[in-house]
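Geometric and topological summary
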Amino acid sequence: MPIWGDRLLAAAGAPVTVPRDPARDAARDELLNAEYHKNDPTVLERVVDWIWDHIDRAMGSISGDGTDGTTGLVLFLVVAAVIGAALWWRLGAPKRAARTVLGVYGSDGPRSAGHYRADAAGHAAAGRWSEAVREQMRALVRALEERTLLDARPGRTADEAAAEAGRALPEHAAALAAAARTFDDVAYGERTADQAAYQLLLDLDRTLESARPVLAHASAAASVPTPTSTAGGAA
């Protein structure tokens, strides 16, 4: 296959004069041939080489004295910031590990409401308010299960228990939801509880002991309108 230089020779071997612009275009087209660039570094490789080159220069400047050392340090910090920004843009913000939310009773399983209440009182007496809040919430949910206002279901979370109990005890639905949020904040959100948080749960537990549930058939009957008599009714 003849190359571009061959086209500059006539058949008898005499040189041929080629205009400058066509020659330049022909040379450019030839140099754009993919065969000449198959071993060229990729764009990513060029960027990485450029970054490492600047880091190497910065590290060399840091070891110097006076202005060069300060300039090198500044350059190094700038390059490090650029790398960090590139990684942030490429990978996104670092995410926290997914939080594992256990059931309200944790991994030990349910005990009696009385047992939970005794543990909560013991923690409260010692000023361990976070532990007192956790045990008191468990006592509250377990008491509702013992009264069959909640079915005993393993793995139920505090939020689920509050939502289900709120349907049976609608007057206390908001207080139950707030209690579940407090429990979640302390048990999973690493929030420190105080005496007030424990006292709210304790008071709610005592209030619910005498609360009467709203039965499903009663609420359904209350929603059905009663028929009214008409003027043309039977005598």
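As a further point, take the packing of helix H4 (residues 113–125) against helix H8 (residues 195–209). Between H4 and H8, whose axes approach to 12 Å, the crossing angle comes to 150 degrees. Classified by the angle between their axes, H4 and H8 sit roughly antiparallel to one another. H8 is crossed by H4, and the crossing has left-handed handedness. Facing Arg117, Ala120, Ala121 and Ala124 of H4, the residues of H8 in contact are Tyr198, Asp205 and Glu209. The residue inventory of the contact of H4 with H8, partitioned by class, reads 4 nonpolar, no polar and 3 charged.

Moving on, we come to the nonpolar core. Membership of the largest hydrophobic core comes to 33 residues, with the highest contact counts inside it found for Met137, Val141, Leu144 and Leu208. Sorting the residues of this core by element identifies H4, helix H5 (129–146), helix H6 (158–168), helix H7 (173–187) and H8 as the ones contributing at least two each. Among the elements that line this core, the one with the most residues is H5, at 7 residues. Ignoring any residue separated from it by four or fewer positions in sequence, one finds Leu144 in contact with Leu149, Leu150, Ala165, Leu169 and Leu208.

Before going further, it helps to examine the packing of aromatic side chains. According to the stated counting rule, one finds 3 aromatic pairs in the structure shown. Ring geometry for Trp129 and Tyr198: centres 5.9 Å apart, planes at 40 degrees, overall tilted. Here Tyr198 lies in helix H8 and Trp129 lies in helix H5, a separation of 69 residues in the sequence. Looking at Trp129, the relative accessible area reads 22%, which means it is partly exposed. According to the relative accessible area criterion, Tyr198 is buried, its value standing at 8%.

Basis of the calculations
Residues numbered from 1 in each chain as written. Predicted model: local features only at pLDDT ≥ 70, side-chain atom pairs only at ≥ 80, totals over all residues. Heavy atoms only, no water. Axes fitted to C-alpha atoms, helices over the stretch in contact; angles between N-to-C directions. Helix = DSSP H or I, 4+ residues; strand = E, 2+ residues; numbered from the N terminus. Parallel < 35°, antiparallel > 145°, perpendicular 65-115°, else oblique. Left-handed = near helix turned anticlockwise from the far one by under 90°. Contact = heavy atoms within 4.5 Å. Nonpolar A, V, L, I, M, F, W, Y, C, P; charged D, E, K, R; others polar. Core = buried A, V, L, I, M, F, W, Y, C linked by side-chain atoms within 4.5 Å. Buried < 20%, exposed > 50% of the residue type's maximum accessible area, 1.4 Å probe, protein only. Phe/Tyr/Trp six-rings, centres within 6.5 Å; stacked < 30°, edge-to-face > 60°.

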